[in-house]
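Here's the letter readout for the chains.
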Amino acid sequence: KAGVTQTPRYLIKTRGQQVTLSCSPISGHRSVSWYQQTPGQGLQFLFEYFSETQRNKGNFPGRFSGRQFSNSRSEMNVSTLELGDSALYLCASSFGVGGNSPLHFGNGTRLTVT
Amino acid sequence: GESVGLHLPTLSVQEGDNSIINCAYSNSASDYFIWYKQESGKGPQFIIDIRSNMDKRQGQRVTVLLNKTVKHLSLQIAATQPGDSAVYFCAEGSNDMRFGAGTRLTVKP
């Protein structure tokens, strides 16, 4: 079974731009969660989607948004990029909802904002 | 607010020794706990999980202990090997999964 796939692997953007990251979950998994990982803050929960609905959201500004498609693939978007948005963005899928099922992570998208 | 944290940011052990990584959590509503291992350039990898109705669970060379009275979680790795060198995260689940800060384990040959 293929694992969680995130694209692109690396991304360099300029302040003020917007970016879209993509995640393909493990086949059969209906939940997709997104996390931001930085050296100073660790893994911070962004949001979770389950069956195309945002189920839960972390403490991030509205510039961070996401969606999930009928095939469970998910995208997250960050608008008006700031230098502090530079981070590793991790996507994880699970069969059940994220708080009660093991999360399976992709290898992330490394975003650098200059 | 509620948080998941780790007692030590780094841990160095000799190859062949046992390792113990600790984690404290504060959300008494959490009922599912996971340990993850993250190697450089990769996403976190599932190691072992435990639900709140258990206090111990064993896997291959790993054991997770849960003490709900003091809200403490630990990961024990037996006969630590160089390949175990990584950052280890505990995570607690209730409404969603929240992660601790991580402990970097270094195994000396």
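Residues numbered from 1 in each chain as written. Chains lettered and ligands numbered in written order. Predicted model: local features only at pLDDT ≥ 70, side-chain atom pairs only at ≥ 80, totals over all residues. Heavy atoms only, no water.

Q: Account for the overall build of chain A, with residues named and values stated.
A: Helix and strand content of chain A: zero helices and eleven strands. Along chain A, from the amino end to the carboxyl end, the secondary structure elements read β-β-β-β-β-β-β-β-β-β-β. For 114 residues, the compact-globule estimate of 2.2 N^0.38 gives 13 Å, and the C-alpha radius of gyration of chain A, at 13 Å, lies within 12% of that figure. When its C-alpha atoms are laid out on the principal axes, chain A stretches across 35 × 25 × 25 Å. The proportion of buried residues among the 114 residues of chain A is 50%. A fraction of 55% describes how many contacts in chain A between residues 6 or more apart in sequence connect residues 24 or more apart. Of the accessible surface of chain A, which amounts to about 5200 Å², a share of 48% is contributed by carbon and sulfur atoms. (Helix = DSSP H or I, 4+ residues; strand = E, 2+ residues; numbered from the N terminus. Rg over C-alpha atoms; globule rule 2.2 N^0.38 Å. Buried < 20%, exposed > 50% of the residue type's maximum accessible area, 1.4 Å probe, protein only. Contact = heavy atoms within 4.5 Å. Areas by Shrake-Rupley, 256 points an atom, 1.4 Å probe, with all protein chains shown as cover.)

Q: Just give me the short version of the packing of aromatic side chains, but keep the residues and values in it.
A: Taken as a whole and judged by the stated rule, the model has eleven aromatic pairs over all chains. Here A:Phe105 and B:Phe99 contribute two aromatic rings whose centre-to-centre distance is 5.8 Å and whose plane-to-plane angle is 75 degrees, an arrangement assigned as edge-to-face. Within this pair, whereas A:Phe105 is found in strand S10 (residues 104–105), its partner B:Phe99 is found in strand S10 (residues 97–99), the two belonging to separate chains. The residues A:Phe105 and B:Phe99 share a single accessibility class, namely buried. Plain terms: the ring middles of B:Tyr25 and B:Phe33 are 4.6 Å apart, the flat faces sit at 50 degrees to each other, and that makes the pair tilted. Summarising the burial analysis for this pair, B:Tyr25 and B:Phe33 share the class buried. Three or more aromatic residues joined by ring pairs make a cluster, and in this case those are A:Tyr35, A:Phe45, A:Phe105, B:Tyr36, B:Phe46, B:Phe89 and B:Phe99. (Phe/Tyr/Trp six-rings, centres within 6.5 Å; stacked < 30°, edge-to-face > 60°.)

Q: How would you sum up the pattern of salt bridges? Please name residues and give values.
A: For the structure shown, the criterion picks out nine salt bridges over all chains. A salt bridge links A:Glu75 to A:Arg73, with the nearest nitrogen and oxygen atoms 3.4 Å apart. The partner of B:Asp96 in a salt bridge is B:Arg98, with the nearest N and O atoms 2.4 Å apart. The buried category is assigned to B:Asp96, whose relative accessible area is 4%. With relative accessibility at 36%, the residue B:Arg98 sits in the partly exposed group. Several salt bridges share partner residues, and in doing so they unite A:Arg63, A:Glu82 and A:Asp85 into one network. (Salt bridge = Lys/Arg side-chain N within 4 Å of Asp/Glu carboxyl O.)

Q: Lay out the environment of A:Arg55 with the relevant residues and their values.
A: All names here are of chain A. Structurally, Arg-55 is set in strand S6 (residues 53–57). The class of Arg-55 is partly exposed, set by a relative accessible area of 30%. Once the C-alpha coordinates of Arg-55 and Leu-11 are considered, the two residues, 44 residues apart in sequence, prove to be 27 Å apart. There is a polar contact of 2.7 Å between the side chain of Arg-55 and the side chain of Glu-48. (Polar contact = N/O pair within 3.5 Å; in protein donor to acceptor, adjacent residues only side chain to side chain.)

Q: Just give me the short version of the side chain of A:Ser31, but keep the residues and values in it.
A: Residue and element names in this part refer to chain A. Counting through the fold element by element, Ser-31 comes out in strand S4 (residues 31–38). Classification of Ser-31 as buried rests on a relative accessible area of 1%. Setting aside residues no more than four positions away along its own chain, Ser-31 makes contact with Glu-48, Tyr-49, Phe-50, Ala-92, Ser-93, Ser-94, Gly-96, Val-97 and Gly-98.

Q: Requested: an account of the interface of chain B and chain A, with residues and values cited.
A: When the parts of a complex come together, some accessible area is lost, and that lost area is often used as the size of the interface. Opposite the 20 residues of chain B that make contact, chain A presents 20 residues. Summing both sides of the interface, chain B and chain A together bury roughly 1500 Å²; the carbon and sulfur share of this comes to 48%. Linking chain B with chain A are zero salt bridges. At the boundary of chain B and chain A, one finds eight residue pairs in polar contact (both at pLDDT 80 or more). Secondary-structure elements contributing two or more residues to the side of chain B that touches chain A are strand S4 (32–38), strand S5 (45–51), strand S9 (86–93) and S10 of chain B. Top element by residues in the side of chain B that touches chain A is S4(B). It accounts for four residues. Class assignment for the residues of the side of chain B that touches chain A results in eight nonpolar, six polar and six charged. (Buried area = accessible area lost by both parts, 1.4 Å probe. Nonpolar A, V, L, I, M, F, W, Y, C, P; charged D, E, K, R; others polar.)

The analysis is restricted to geometry; functional conclusions fall outside its scope.
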